Amino acid sequence: MTIDKPWDGHFLEAVVDLLPEDELRFVKVNKLGWERGGFYDWLVAIGTALKPRSILEIGVKLGCGGAALALGAASMGVKIERYFGVDGVYGIPEGYLDLAKKILGRWIGDVKVMRVNVNDLASIDGQWDLAFLDDGHTSPETRKQIELAASVTSTILVDDCLDPAVNAPVLAALQPGGLLAGWSREWIATVTGITLLRKP
């Protein structure tokens, strides 16, 4: 499967009415993924291709990553049945996770979010069609996210693989004897280094 271009719509238009003022100010000044053809429009394209019915997201903030994936699946007629998101305490303003439930709820029926440091999680319940990893961007945290995701899904999407602290544990996991040995890796977008990992 090749995903070689972003969605031709604009994800920002689908959620702008729910974004808080501080995020809208950030969008105006920095854009960073919110622009047409940016990070979130790539995620919509990925959701369109993968059509997940369930999404696990590690690193929620406002839930827009999961929502973009869900919008892509929904645009293909797929009903996204459930979502579970976890996020730590990395400076996320109070109320953001509650707002994330509203944003995600536009496309997903059963939404659960939890404020918890990923390093404090021993495991994640259930099986998931897709895990999206975008939490703490250090090598130990990325290793932990991969470990948690690999036990509950056969499809993992990792953001920020342009960052060596994120990319190194991904590459290590793919080596013979590694946690993801035998999995395939597809580099999707250079916007932030979105990488798709799939179990054969």
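Residues numbered from 1 in each chain as written. Predicted model: local features only at pLDDT ≥ 70, side-chain atom pairs only at ≥ 80, totals over all residues. Heavy atoms only, no water.

Focus: the pairing of strand S2 (residues 80-87)
Across the 8 residues of S2, 6 count as buried, placing the element largely inside the fold. In this structure, strand S1 (residues 54-58) lies alongside S2, joined through 5 bridges in parallel fashion. Paired with Ser-54 across the strands is Arg-82, a residue of S2. This β-α-β element, S1 to helix H4 (residues 64-74) to S2, shows right-handed connectivity. Bridge count for S2 against strand S3 (residues 108-115) is 7 bridges, and the pairing is parallel. Note on S3: the bridge partner recorded for Val-86 is Met-114. (Buried < 20%, exposed > 50% of the residue type's maximum accessible area, 1.4 Å probe, protein only. Helix = DSSP H or I, 4+ residues; strand = E, 2+ residues; numbered from the N terminus. Pairing = 2+ DSSP bridges. Right-handed = clockwise from strand over helix to strand, strands pointing away.)

Quick word on the environment of Ile-194
Note that Ile-194 resides in strand S7 (residues 194-198). Separated by 47 residues in the primary sequence, Ile-194 and Glu-147 place their C-alpha atoms 18 Å from one another. Beyond its immediate chain neighbours, meaning those up to four positions away, Ile-194 contacts Phe-39, Trp-42, Leu-43, Ile-46, Leu-157, Val-158, Asp-159, Glu-186, Trp-187, Ile-188 and Ala-189. (Contact = heavy atoms within 4.5 Å.)

Considering unusual backbone geometry
Non-glycine residue Lys-51 carries a positive phi angle of around 50°. Note that Lys-51 resides in the loop between helix H3 (39-50) and S1. Positive phi values are uncommon outside glycine, yet Asp-160 reaches one of about 65°. Locating Asp-160 in the fold gives a position in the loop between strand S5 (155-158) and helix H7 (164-174).

Side note on the pattern of salt bridges
When their charged atoms lie close together, side chains carrying opposite charge are able to pair. Under the criterion given, the structure shown has 5 salt bridges. Close ionic contact of Arg-36 with Glu-13 constitutes a salt bridge, the shortest N to O distance being 3.2 Å. With Arg-36 in the loop between helix H2 (21-30) and H3 and Glu-13 in helix H1 (residues 11-15), the pair connects residues that are 23 residues apart, well separated along the chain. Arg-36 gets classed as partly exposed once you look at its relative accessible area, which sits at 49%. Residue class for Glu-13 comes out exposed when judged on its relative accessible area of 55%. We note a salt bridge from Arg-106 to Asp-17, for which the minimum N-O separation is 2.5 Å. Here Arg-106, found in the loop between helix H5 (96-105) and S3, pairs with Asp-17, found in the loop between H1 and H2; they are 89 residues apart in sequence, far enough to count as distant. Taking relative accessible area as the criterion, Arg-106 reaches 38% and is therefore assigned partly exposed. (Salt bridge = Lys/Arg side-chain N within 4 Å of Asp/Glu carboxyl O.)

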